[in-house]
Amino acid sequence: MGKLSVVADFWEFLKVRKKWWLAPIVVTLLLVGALLVVTESSAVAPFIYALF
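Worth saying up front: this structure is predicted, and the values here are computed from it rather than measured.

### Observations regarding the overall build of the chain
Then step 1. Broken down by element type, the chain carries three helices and zero strands.
Then step 2. Seen in sequence order, the chain has helices and strands lined up from the N terminus as α-α-α.
Then step 3. Buried positions account for 10% of the 52 residues belonging to the chain.
Then step 4. For the chain, the exposed area adds up to about 4600 Å²; of that, 76% sits on carbon and sulfur atoms.

### Re the confidence of the model for the chain
Then step 1. In the predicted model, the chain carries a mean pLDDT of 79, and 87% of its residues have values of at least 70.
Then step 2. By mean pLDDT, the top-scoring element of the chain is helix H2 (residues 22-39) (83), and the lowest-scoring one is helix H3 (residues 45-51) (71).

### Some points on a nonpolar patch on the surface
Then step 1. A grouping of Trp21, Ile25 and Leu29 is seen on the molecular surface, where their side chains present a nonpolar patch of about 360 Å² in accessible area.
Then step 2. Tracing the backbone through its elements, the reader meets isoleucine 25 in helix H2.
Then step 3. For isoleucine 25, a relative accessible area of 43% corresponds to the partly exposed category.

### Looking at the pattern of salt bridges
Then step 1. Counted according to the given criterion, the structure contains one salt bridge.
Then step 2. Its salt-bridge partner being lysine 15, residue glutamate 12 comes within 3.4 Å of it at the nearest N-O pair. Residue glutamate 12 and its partner lysine 15 are located together in helix H1 (residues 2-17), separated by three residues, close to a single helical turn.

### A few points about unusual backbone geometry
Then step 1. In this structure, lysine 18 is a non-glycine residue whose phi angle is positive, near 60°.
Then step 2. Within the secondary structure layout, lysine 18 lies in the loop between H1 and H2.
Then step 3. Residue lysine 18 is classed as exposed on the basis of its relative accessible area, which comes to 58%.

Cut-off values and rules
- Residues numbered from 1 in each chain as written.
- Predicted model: local features only at pLDDT ≥ 70, side-chain atom pairs only at ≥ 80, totals over all residues.
- Heavy atoms only, no water.
- Helix = DSSP H or I, 4+ residues; strand = E, 2+ residues; numbered from the N terminus.
- Buried < 20%, exposed > 50% of the residue type's maximum accessible area, 1.4 Å probe, protein only.
- Areas by Shrake-Rupley, 256 points an atom, 1.4 Å probe, with all protein chains shown as cover.
- pLDDT = per-residue confidence, 0-100.
- Patch = residues over 30% accessible without salt bridge, like charges linked within 9 Å, V, L, I, M, F, W, Y side chains within 5 Å.
- Salt bridge = Lys/Arg side-chain N within 4 Å of Asp/Glu carboxyl O.

Below, the structure written as structure tokens:
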């Protein structure tokens, strides 16, 4: 329930404060994090880490 409340609070913040420019930044960070987690134990890992 803690993680869902963080997402709900962030969504409310975006709606009330009209800070829509934050959404692409957060989505990009989440996608990069997911990419690193998924590829950390595969043969692609050295190539992904070379990008960063």
